[in-house]
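Geometric and topological summary
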Amino acid sequence: MAIVAGVDFGTLSVRVTIVHTQCGRLGSGTAEYPLHRRKEDPDHATQSHDDHMRALAEATRTATGAAGISGDQVAALAIDTTGSSVIPVDAKMRPLDEYYLWCDHRSWREAALITETAHRKKLKAIDWCGGTYSSEWGFSKLLHWLRHNPEKRERFASAFEHCDMIAAVLCGVDDPAKAPRSICAMGHKWMWNDSLGGLPGEDFLVEVDPLLKGVRTKLQGQYARSDKLAGHLTAEWAEKLGLRAGIPIPVGAFDAHWDAVGAGARTGDVVNVVGTSTCIIAVSDDTRLIPGVCGVVSGSVHPRKTGVEAGLSATGDIFEAIARRANTSVAALSQDLAAYKAGQSGLLRLTWDNGDRTVLVNPELGGITLGWHLTHTAQDELFAAIEGTAFHTRVILERMEQNGVPIRRVINAGGIPQKNEVLNRVYASVLNKPVLIPKTDVTSLGSAIFAALAAGAFRSLEEAQDALCPEYRVVEPDAKSAQTYQELYDMYRELYFGFGSASAPTISAGRILPTLRRVAATARGIA
């Protein structure tokens, strides 16, 4: 038995959850921090390390207060974060700049260069991240920073993923070479592959750009899975957080991977972690390549199994943007969506508003909506966007199944499925599979599970999941909606690859608009 703290750093806030390993969740605390965007550059998205640490202290004290416990009762702390969220540091682990957040896409040119060089040099590692390197990943972000900050290069000692930086700071590590690095983060976003000798070689990195000379050495460290410790909480940070010094902190990971753990994912499950973006996480007993899928990394989700990651670059962000343009909120727009039927809006939406993460891995794409007429509303667009994200998810799940990832259960986790039943209903009918939704929010529960393992409260990850993960409620597909969505999905899939790839075969789009009009009329009962 133990009381532990699970920490989840999201895009706009951090949540700390206090969990009793026998009684479950005791209380939570959250604190926000700003996301720095620039109107003149929509690809820019950064955050301050100091803001993160301030928010962590605030949220931790709020959580222990809400749980009704003293901070010295907490036996372990574990941390997950967004990723790739990359920060350059000096030789004393001091930040040289803000984090390049995962949704900062300024490095799309660098990503394209890495992809081109990797294929030209026949780098095997590129195949393990889907064949295309992304602007959402570490090396492209770091190269962009090196190119655009010449005055800071001399002080550059290393770069860290957010989850590793936070753990190092809390554990008092001030030497980059001694800071533990997460296999989850480095395997999925930095092309680290144990079977290939770790990171890509120096010759490859220099071929990409001479500015990367020596970077491989600067990224060395203690690479580990999350069943290993990053260290122990220092007295300084124990005082700031209101906890006890010396408690263990395991090696961290990405939020979506641990959300999947908190959602109870086992082999054969796929978890859609639906939030500002969507991360699609699976756990497999096999390790095999999947074209277009972000990463296949042994030990990244479950320490003794293979983690598979895919996803959508924007989901909730798209919903929020639609509401913002209409000078309203997503909650207000969603009030009457339950009455919508499959295809009723007459719109077909390709949800590339923030590029494509999987399976095209192309940040240069933009959102496309077909079928507009003069009476369409923002609510129609929101419903079409929900359908579009479901169609895109189906593209990804089909690619995973075609490449040996078994999908026996689909679980919708993350914040949005807890409060948007329309999305769950649409996903079930588009996928034509039952969708399981945890009965309670699992955000930061995965972190708490790994904290509990670090505290020695359980013998295995599965035992911890059995004790702490919530039960599910099930949303079944509607047969009539599933039939309509099959027709729409066939068109969506053709358009997805037709618009999304310059080398795609020519498509005949003449039937698209008449079909959308017919489907909408039928749904409204006016056909």
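Residues numbered from 1 in each chain as written. Predicted model: local features only at pLDDT ≥ 70, side-chain atom pairs only at ≥ 80, totals over all residues. Heavy atoms only, no water.

Things to note about the sheet that holds strand E23 (residues 472-475)
The condition is simple: By definition, two strands form a pair when at least two bridges between them are found by DSSP. Segments assigned H or I by DSSP are reported as helices when at least four residues long, segments assigned E as strands when at least two residues long, and all are numbered from the N terminus. Between N-to-C directions, angles span 0 to 180 degrees; the directions come from axes that are lines fitted to C-alpha atoms, helices contributing only their stretch in contact. Contact criterion: two residues are considered in contact whenever any of their non-hydrogen atoms come within 4.5 Å of each other.
Reading across the sheet, the seven strands line up as E17-E18-E16-E15-E21-E22-E23 and stay open at both edges, with mixed pairing between neighbours. In this open sheet, the two strands that pair with only one neighbour each are strand E17 (295-298) and E23. Neighbour-to-neighbour, the strand axes of the sheet open up by a mean angle of 25 degrees, direction not taken into account. Where E17 meets strand E18 (residues 306-312), four bridges bridge the pair, whose relative direction is antiparallel. When the sheet's bridge partners are listed, valine 296 is paired in E18 with valine 308. In the packing of helix H9 (residues 255-262) onto the sheet, the strands contacted are strand E15 (269-274), strand E16 (278-284) and E18, and the crossing angle to E16 comes to about 60 degrees. Its contacts with the sheet place helix H14 (residues 421-431) against E15, strand E21 (409-413), strand E22 (435-438) and E23, and it is angled at close to 60 degrees to E23.

As for the sheet that holds strand E2 (residues 13-20)
In a beta sheet, neighbouring strands pair by backbone hydrogen bonds and run either parallel or antiparallel. With mixed pairing, five strands are arranged side by side in an open sheet as E3-E2-E1-E6-E14. Each edge of the open sheet carries a strand with a single partner, namely strand E3 (24-32) and strand E14 (253-254). Direction of pairing for E2 relative to E3: antiparallel, over a ladder of eight bridges. In the strand pairing of E3, serine 13 is matched with glutamate 32. Across the sheet, helix H15 (residues 445-454) lies against strand E1 (3-9), E2, E3 and strand E6 (74-81), angled at about 135 degrees from E6, the strand it touches most.

Quick word on the nonpolar core
Quick reminder of the rule: Here the nonpolar core consists of buried residues drawn from Ala, Val, Leu, Ile, Met, Phe, Trp, Tyr and Cys, with membership extended through side-chain atoms lying within 4.5 Å. Partly exposed residues are those whose accessible area sits between 20% and 50% of the maximum for their type, while under 20% is buried and over 50% is exposed, using a 1.4 Å probe and protein chains only.
Membership of the largest hydrophobic core comes to 61 residues, with the highest contact counts inside it found for Phe319 and Met400. The element that contributes the greatest number of residues to this core is helix H12 (residues 378-402), accounting for 10 residues. When near neighbours in sequence (up to four residues on either side) are disregarded, phenylalanine 319 contacts Val330, Leu382, Ala385, Ile386, Thr389, Ile416 and Leu423. The next biggest cluster of nonpolar side chains, apart from the first, holds 44 residues, and it includes Val74, Leu170, Ala224 and Ala230.

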